[in-house]
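One letter stands for each residue in the lines below.
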Amino acid sequence: DPSPAPSGRENAGSQNGWLTHDRWDQRLQLSINPHSPFFESFRRLRTPILYPATGNPPKTILVTSIVPHEGKGFVCANLGIALAQGMEHHALMLDCDFRRPTLAQLFGLPNDTGLVDHLQDNVDLSLLIRKTSQPKLSLIPSGKPPKNPSELLDSRKMVSLIDELADRYQDRIILFDSPPNIVASETNILAKHLDGVILVVRHGASKREHVKQFVDTIGPGKILSLIHI
């Protein structure tokens, strides 16, 4: 994995056993088992992303939902694993859901520092990247909840971050786990700065009109996949 050299904090985490699969959420452990239905389902999701029918593969991807508790963090984590399992691809995940972060917990990693520290205090991104124990897959956690999550996501600093990541890590597909649209309207703005969107919809949770409104707002051409779980 050609990610930046790990910081002392990351090395310490490895020595303390943070970066082993046994710290993963049990559902993620199923994603690396070739006999699990999760394994094949997310490989199928990976294929049209890496090999689109037209145009170039998306470089930056938003994973979101309309309402909370629809499983977008779980989908983001599993898609990251599936992308990293490919022969030629690396993946970097960012937890942008400052209100209800899940990615660090799913991978058994600390959430004491993360994206919030970069946006608020200009901490260098290379110091915030965490290894997941899955080769070629890394994560920038959200960090401690800020007082102003909407302002941080809807800021010039966030837009600059997207451009910086795409330029600095050209070998990676970058996944952004964002807040649910109905909770954070800035998700619409964030979506417009990224190459594509994966929308997660749980049966009986999101209303059809809310899904349509979100798709119409960002543009149907932005939707890479609509996942029903």
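Residues numbered from 1 in each chain as written. Predicted model: local features only at pLDDT ≥ 70, side-chain atom pairs only at ≥ 80, totals over all residues. Heavy atoms only, no water.

**Some remarks on the packing of aromatic side chains**
Here's step 1: Evaluated as defined, the whole model comprises two aromatic pairs.
Here's step 2: Summarising the aromatic geometry, the rings of Trp24 and Phe107 are spaced 5.2 Å apart at their centres and angled 85° between planes, so their arrangement reads as edge-to-face. One end of the pair, Trp24, is in the loop between helix H1 (8–15) and helix H2 (26–30); the other, Phe107, is in the loop between helix H5 (103–106) and helix H6 (115–121), and 83 residues separate them in sequence.
Here's step 3: For Trp24, a relative accessible area of 4% puts it in the buried group. (Phe/Tyr/Trp six-rings, centres within 6.5 Å; stacked < 30°, edge-to-face > 60°. Helix = DSSP H or I, 4+ residues; strand = E, 2+ residues; numbered from the N terminus. Buried < 20%, exposed > 50% of the residue type's maximum accessible area, 1.4 Å probe, protein only.)

**A few points about the environment of Leu226**
Here's step 1: Following the sequence through the fold, Leu226 ends up in strand E7 (residues 223–228).
Here's step 2: With 161 residues separating them along the chain, Leu226 and Ser65 place their C-alpha atoms 9.6 Å apart.
Here's step 3: If we skip the residues at most four places from it in the chain, Leu226 touches Leu199 and Val201. (Contact = heavy atoms within 4.5 Å.)

**What to know about the side chain of Arg46**
Here's step 1: With respect to the secondary-structure elements, Arg46 resides in helix H3 (residues 37–50).
Here's step 2: In this structure Arg46 is buried but unpaired, with Glu40 as the nearest side chain of opposite charge at 7.6 Å.
Here's step 3: Every residue in contact with Arg46, bar those within four places of it in the chain, is listed here: Leu79, Ala82, Leu83, Gln85 and Gly86. (Lys, Arg positive; Asp, Glu negative; His and termini not counted. Salt bridge = Lys/Arg side-chain N within 4 Å of Asp/Glu carboxyl O.)

**Points about the environment of Thr64**
Here's step 1: With respect to the helices and strands, Thr64 occurs in strand E1 (residues 60–65).
Here's step 2: Separated by 135 residues in the primary sequence, Thr64 and Leu199 have C-alpha atoms spaced 5.3 Å apart.
Here's step 3: Residues in contact with Thr64, not counting those within four places in the same chain, are Lys72, Ser178, Pro179, Pro180, Asn181, Thr187, Val197, Ile198, Leu199, Val200 and Phe214.
Here's step 4: At 3.0 Å, the side chain of Thr64 forms a polar contact with the side chain of Ser178. (Polar contact = N/O pair within 3.5 Å; in protein donor to acceptor, adjacent residues only side chain to side chain.)

**Quick word on the sheet that holds E7**
Here's step 1: Pairing in this open sheet of seven strands is mixed, and the strands run E3-E4-E2-E5-E1-E6-E7 from one edge to the other. The sheet terminates laterally at strand E3 (130–131) and E7, the two strands that pair on one side only.
Here's step 2: Pairing of E1 with strand E5 (residues 172–177), which is carried by four bridges, proceeds in the parallel orientation. Its bridge partner being in E5, Leu62 is matched across the sheet by Phe176.
Here's step 3: Helix-sheet contacts for helix H4 (residues 72–84) involve E1, strand E2 (90–95), strand E4 (137–140), E5, strand E6 (196–201) and E7, and the interaxial angle to E5 is about 170°. (Pairing = 2+ DSSP bridges. Axes fitted to C-alpha atoms, helices over the stretch in contact; angles between N-to-C directions.)

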